[in-house]
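One letter stands for each residue in the lines below.
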Amino acid sequence: MALLETKNLSYRYGTGTPFEVAALDDVNIQIEKGELLAIIGHTGSGKSTLVQHLNGLLKPQQGQVIIDGQDIWQDKHTVRAARFKVGLCFQYPEYQLFESTVYKDIAFGPVNMGLSEAEVDECVRASAEYVGLAPEQLSKSPFELSGGEKRRVAIAGVMAMRPEILVLDEPTAGLDPRGRERLMRLICNYRETTSNTVVIVSHNMDEVAEFATRVLVMNNSRVAMSGSVGEVFSRYSEISSMGLTVPQITSIFASLRSLGIELPDDVFTVERGEKELLSLLRREGRL
Amino acid sequence: MIKDITIGQYFPGKSFLHSLDARDKLCLTFAFIVMIFVCKNFFSLAVMLLLALLMSLLSRIPARTILKSFRPILPIIILTSALQLYYNDSGTVWFEYWKFKLTSGGVFTAIFMAVRICTLILVSSLLTYTTSPTLLTDAIERLLSPLKIFKVKVHTLAMMMTIALRFIPTLIDEIDRIMSAQKARGADFETGSLITRARALIPIFVPLFVSSFKRAYELAFAMECRCYRGGEGRTRMRKMKFSWRDYAAIAFFCGCFAAVIYLNISFEHLI
């Protein structure tokens, strides 16, 4: 049984006004335990609306969200429980910081859960470590930190609730390449140490190809594709018809192959690309 | 919930009311409000009400939208009318029960008050419905420009108003976003005592202030980059000119005001 699934989920914004638009249309997804699911899709394809349903921030107009076999909208308590089971971190989460110290801000979620002081302390220190914050930074004001550090504090604030599923809406948006790389490594590390599920909404296909274990493609408020990185990115023309791209290395390899160079068509990460090119050069005796 | 507020909103259009000069509309609205309080009886109030209804027709704003703007002030109308019914015991007694007395004077005054408030709201919302905020502040700036001789910084005030109006929708979006983010961390805004609920607002307002200040700095910087340095020597993009419609509107309003004063003098009693 899937850890979380949605059944026939539909949602429309502005019902009854001339501005009515569909955001989700009969969406059925399953999230399995331990996976790193990447959700990709063009702007306005319904990704953000979908993730806000997963923890019960938005109430489905049609359909159900089921966690551990239970509809989260059964009563008030199940909705609140869903908030903590599915930790959602919005885009540009550094704007949600408000406390006087980093420690207190990370502790906001666990305190709301009603944990004891010792448990809160444990949660805060563990999640600060996951995001690479030094213990002495915990006593600083969050507003003294750099942009990248603020982002990591905000993510730690969600991790501290120990959610079974951590959902991150474009966690690396607006960071420099090194910051992106570092944050993605930290998130992967978190997933490996805790063996929790992570869901990432992303526009960066290189990141998706490198880190995701499964990819879900949203298009026009519907799920268009779902499968492994290879399965999704090998459907090059379909992906680009949805206004998306494949990883840069994949399109480079596609152009090389169209020049008649014999290279495989399932290269999605730079690491793999490097290996393939080196072996090609060796085969041709140029190395 | 926050997004349902329509007071102060602008509905673009091409009606007669939209085409009037903003300065003209502003002055006439002001005069109209003064005249409503000059009305002493139902006859003069009827003239004002008819004038207000005529304007709503000319604005081509759907009746539903106009009716919506009454919703937030409904409690005030009900309260004032109720107080009139209770405290006013002039005229004939229609009905008596314990301490409560329903008199003709009370009923008439209550209706008079309610109609007066409704007309007031109707006219002032018509002004903002049919005039874009930029035109409105532009008009205020021009109308107040004589105050410059007293060293009042009219341009700065008008610019502040324009910016404030411009950022209302942005701030509403921002509040929505921050609320969702804090709810995702288990914040609860709906239950608890008054003090708990007030405390629950801290996680919303601190981030809101922080980002507002940041936005203000960015905006100031962007304005300076485009060589903005206040009103001195600044030319205008838009010329405001009175057309025949504006003079016609003024003449018509003056006629109505004259009628109000005449009716006030001719009838001494409320009805």
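Residues numbered from 1 in each chain as written. Chains lettered and ligands numbered in written order. Predicted model: local features only at pLDDT ≥ 70, side-chain atom pairs only at ≥ 80, totals over all residues. Heavy atoms only, no water.

Let's talk about the overall build of chain A
Stage number 1. Check the secondary structure of chain A and you find 11 helices and 10 strands.
Stage number 2. Expected size for 287 residues packed as a compact globule is a radius of gyration near 19 Å; at 21 Å, chain A falls within 12% of this value.
Stage number 3. Judged by the C-alpha coordinates and their principal axes, chain A covers about 65 × 50 × 40 Å.
Stage number 4. Across the 287 residues that make up chain A, the buried fraction comes to 50%.
Stage number 5. Sequence-distant contacts in chain A: of pairs separated by 6 or more residues, those separated by 24 or more amount to 63%.
Stage number 6. Put simply, chain A shows about 13500 Å² of open surface, and 49% of that area lies on carbon and sulfur atoms. (Helix = DSSP H or I, 4+ residues; strand = E, 2+ residues; numbered from the N terminus. Rg over C-alpha atoms; globule rule 2.2 N^0.38 Å. Buried < 20%, exposed > 50% of the residue type's maximum accessible area, 1.4 Å probe, protein only. Contact = heavy atoms within 4.5 Å. Areas by Shrake-Rupley, 256 points an atom, 1.4 Å probe, with all protein chains shown as cover.)

Description of the pattern of salt bridges
Pairing between side chains becomes possible if they bear opposite charge and their charged atoms approach one another.
Residues and elements named next belong to chain A.
Stage number 1. Inspection of every chain in the model, using the stated rule, returns 18 salt bridges over all chains.
Stage number 2. For Glu181, the salt bridge identified is with Arg185, shortest N-O distance 2.9 Å. Taken together, the residues span about one helical turn, with Glu181 and Arg185 both in helix H6 (residues 177–194) at a distance of 4 residues.
Stage number 3. Between Glu276 and Arg272 there is a salt bridge, with the nearest N and O atoms lying 3.0 Å from each other. In this pair, Glu276 and Arg272 are both assigned in helix H11 (residues 270–283), 4 residues apart and thus about one turn of the helix distant.
Stage number 4. Classification of Glu276 as buried rests on a relative accessible area of 17%. (Salt bridge = Lys/Arg side-chain N within 4 Å of Asp/Glu carboxyl O.)

Section: the packing of aromatic side chains
Stage number 1. Taken as a whole and assessed by the stated rule, the structure comprises 13 aromatic pairs over all chains.
Stage number 2. Judged by centre distance (5.0 Å) and plane angle (85°), the ring pair of A:Phe98 and A:Phe108 falls under edge-to-face. Of the two residues, A:Phe98 is situated in the loop between strand S6 (86–89) and helix H3 (102–113) and A:Phe108 in helix H3; the sequence distance between them amounts to 10 residues.
Stage number 3. For A:Phe98, a relative accessible area of 7% corresponds to the buried category.
Stage number 4. Among the aromatic residues, those joined into a ring-pair cluster are B:Phe32, B:Phe253 and B:Phe257.
Stage number 5. Note that B:Arg166 overlies the ring of B:Phe167, its terminal NZ or CZ placed 4.8 Å from the centroid. (Phe/Tyr/Trp six-rings, centres within 6.5 Å; stacked < 30°, edge-to-face > 60°. Lys NZ or Arg CZ within 6 Å of the ring centre and 35° of its normal.)

Brief notes about the confidence of the model for chain B
Stage number 1. Of all residues in chain B, 97% have pLDDT values of 70 or greater, and the mean over the chain is 87.
Stage number 2. Taken over the whole predicted complex, pTM reads 0.77, whereas the ipTM for its chain interfaces reads 0.88. (pLDDT = per-residue confidence, 0-100.)

Section: unusual backbone geometry
Residues and elements named next belong to chain A.
Stage number 1. Positive phi is not limited to glycine here, since Glu170 has a value of about 45°.
Stage number 2. Within the element layout of this structure, Glu170 appears in the loop between strand S7 (165–169) and H6.
Stage number 3. The residue Ser221 is not glycine, and still its phi comes out positive at about 65°.
Stage number 4. You can see Ser221 is positioned in the loop between strand S9 (214–219) and strand S10 (222–227).
Stage number 5. The buried category is assigned to Ser221, whose relative accessible area is 7%.

Observations regarding helix H7 (residues 133–144) of chain B
Because each turn of an α-helix spans 3.6 residues, side chains separated by three or four positions in sequence point in the same direction.
All names here are of chain B.
Stage number 1. With 12 residues, H7 ought to run about 16 Å at 1.5 Å a step, and its terminal C-alpha atoms sit 16 Å apart, in line with that.
Stage number 2. For H7, the set of buried residues is Leu136, Thr137, Asp138, Ala139, Glu141 and Arg142.
Stage number 3. Of the surrounding secondary structure, the elements contacted by the buried residues of H7 are helix H2 (22–38), helix H6 (104–130) and helix H8 (154–184). (Expected span 1.5 Å × (residues − 1).)

Let's talk about the interface of chain A and chain B
Stage number 1. Counting residues at the interface gives 18 residues for chain A, matched by 17 residues for chain B.
Stage number 2. Both sides together, the interface formed by chain A and chain B hides about 1600 Å², and carbon and sulfur atoms give 61% of it.
Stage number 3. There are 1 salt bridge connecting chain A and chain B.
Stage number 4. Put simply, A:Asp105 and B:Arg185 hold a salt bridge, and the shortest N to O gap is 3.1 Å.
Stage number 5. Counting residues per element, the ones that place at least two in the side of chain A that touches chain B are helix H2 (76–85) and H3 of chain A.
Stage number 6. No other element matches the 4 residues that H3(A) contributes to the side of chain A that touches chain B.
Stage number 7. Grouping the constituent residues of the side of chain A that touches chain B by class yields 10 nonpolar, 5 polar and 3 charged. (Buried area = accessible area lost by both parts, 1.4 Å probe. Nonpolar A, V, L, I, M, F, W, Y, C, P; charged D, E, K, R; others polar.)

Observations regarding a nonpolar patch on the surface
Residue and element names in this part refer to chain B.
Stage number 1. A cluster of nonpolar residues, Leu79, Leu83, Tyr86, Tyr87, Trp94, Phe95, Tyr97, Trp98 and Phe100, forms a patch on the protein surface that exposes about 1200 Å² of accessible area.
Stage number 2. Elements with a minimum of two residues in the nonpolar patch: helix H5 (74–87) and strand S1 (93–97).
Stage number 3. No other element matches the 4 residues that H5 contributes to the nonpolar patch.
Stage number 4. Relative accessible area serves as the criterion here: at 58%, Tyr87 is assigned to the exposed category. (Patch = residues over 30% accessible without salt bridge, like charges linked within 9 Å, V, L, I, M, F, W, Y side chains within 5 Å.)

Some thoughts on the sheet that holds strand S5 (residues 70–71) of chain A
All names here are of chain A.
Stage number 1. Reading across the sheet, the 4 strands line up as S2-S1-S4-S5 and stay open at both edges, with antiparallel pairing between neighbours. The open sheet has two edge strands with one neighbour each: strand S2 (21–31) and S5.
Stage number 2. Direction of pairing for strand S4 (residues 62–67) relative to S5: antiparallel, over a ladder of 2 bridges. In the strand pairing of S5, Ile66 is matched with Asp71.
Stage number 3. Along the sheet face, helix H1 (residues 47–54) touches strand S1 (4–13), S2 and S4 and points at about 55° away from the line of S2. (Pairing = 2+ DSSP bridges. Axes fitted to C-alpha atoms, helices over the stretch in contact; angles between N-to-C directions.)

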